[in-house]
Amino acid sequence: MEVILVTGANRGIGLALTRVLLASEIVVIAGCRRPDESAELKQLILSYPETLDLIKCDLECEQELLEEAEASLKRRRKLDVIVNNAGTMPEGGNESIMNIDLDLLWRAFNTNVLGTARVIRAFYPLLVESQRPRIVNVSSSLGSFQPGRATTITPIRPPRLR
Ligand SMILES: NC(=O)c1ccc[n+]([C@@H]2O[C@H](COP(=O)([O-])OP(=O)(O)OC[C@H]3O[C@@H](n4cnc5c(N)ncnc54)[C@H](OP(=O)(O)O)[C@@H]3O)[C@@H](O)[C@H]2O)c1
């Protein structure tokens, strides 16, 4: 059976994807920051006790990710797909580069870029055990420098100069 890790699985797209994958008889490792507080995921485990693993997955905690990956390796032996879905946008998206709070930019970068790298590094040892390893990075047209490629929505331009 395919084994897929979904980050940010407690709500939004991550939760919807988790539901669809489980219904398709795929093993899902559902990662979120506070598994104990996710009523939806705890409910799903009752329906899919053999194919759903609920793990703690804070993109800012490298050590925690390494420990969870080690436990997943012991339990599932391999990982076929990492879906880097978790993401954040603490800034408004239309601020000027001249007055945007740089702490907000740092938080976005730390989660969306470095956090994604932390997940890949931690789970890489499982991924190499797969016959067909894949990494899916969920992005946004807001993060694209190539307008109009995959969508008719025009992406927001890089930070304004004024
Ligand atoms: N919805 C859209 O229209 C849209 C459009 C374009 C792209 N996307 C992309 O699709 C992905 C999911 O979007 P969504 O709308 O489902 O977002 P969402 O409802 O805001 O959910 C974001 C998820 O990411 C998690 N997350 C945030 N920071 C985290 C961290 N440091 N460590 C671990 N998890 C963290 C959140 O966990 P908590 O619950 O703990 O905060 C939550 O599970 C994102 O990458 C987003 O950029 C979405």
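Below is a summary of the structure that appears in this document. (Residues numbered from 1 in each chain as written. Predicted model: local features only at pLDDT ≥ 70, side-chain atom pairs only at ≥ 80, totals over all residues. Heavy atoms only, no water.)

1. Quick look at the site of the ligand
Near the ligand you find 18 residues, and of these Asn10, Arg11, Ile13, Arg33 and Asn85 are the closest. Within the side chain of Asn10, one N or O atom sits 2.6 Å away from an oxygen atom of the ligand. Residue Arg33 places a side-chain N or O atom 2.7 Å away from an oxygen atom belonging to the ligand. Alone, the ligand offers 910 Å² of accessible surface; in the complex the protein occludes 72% of this. Residue composition of the shell around the ligand, grouped by class: 5 nonpolar, 8 polar and 5 charged. (Near = heavy atom within 4 Å. Polar contact = N/O pair within 3.5 Å; in protein donor to acceptor, adjacent residues only side chain to side chain. Areas by Shrake-Rupley, 256 points an atom, 1.4 Å probe, with all protein chains shown as cover. Nonpolar A, V, L, I, M, F, W, Y, C, P; charged D, E, K, R; others polar.)

2. What to know about the packing of helix α3 (residues 62–76) against helix α4 (residues 102–127)
Here α3 crosses α4 at 20°, and the two axes come no closer than 9 Å. Of the possible angle classes, the one that applies to α3 and α4 is roughly parallel. Considering only the axes of α3 and α4, their crossing is right-handed. Counting all contacts with α3, which are made through Glu62, Leu65, Leu66, Glu68, Ala69, Ser72 and Leu73, the residues of α4 involved are Arg118, Val119, Arg121, Ala122, Phe123, Pro125 and Leu126. (Axes fitted to C-alpha atoms, helices over the stretch in contact; angles between N-to-C directions. Helix = DSSP H or I, 4+ residues; strand = E, 2+ residues; numbered from the N terminus. Parallel < 35°, antiparallel > 145°, perpendicular 65-115°, else oblique. Left-handed = near helix turned anticlockwise from the far one by under 90°. Contact = heavy atoms within 4.5 Å.)

3. A look at the pattern of salt bridges
Under the defined criterion, the tally for this structure stands at 8 salt bridges. Two residues, Lys56 and Glu64, come together in a salt bridge whose shortest N-O distance is 3.2 Å. Residue Glu64 is classed as buried on the basis of its relative accessible area, which comes to 18%. Among the charged side chains, a salt-bridge network with shared partners connects Asp53, Arg75 and Arg76. (Salt bridge = Lys/Arg side-chain N within 4 Å of Asp/Glu carboxyl O. Buried < 20%, exposed > 50% of the residue type's maximum accessible area, 1.4 Å probe, protein only.)

4. Details of the side chain of Asp53
Position of Asp53 among the secondary structure elements: in strand β3 (residues 52–56). Residue classification places Asp53 among the buried positions, given a relative accessible area of 6%. Among the polar contacts listed, one links the side chain of Asp53 to the side chain of Arg76, at a separation of 2.8 Å. The residues touching Asp53, leaving out its near neighbours within four places in the chain, are Val28, Ile29, Ala30, Arg75 and Arg76.

What is shown is where atoms sit, not what they do.
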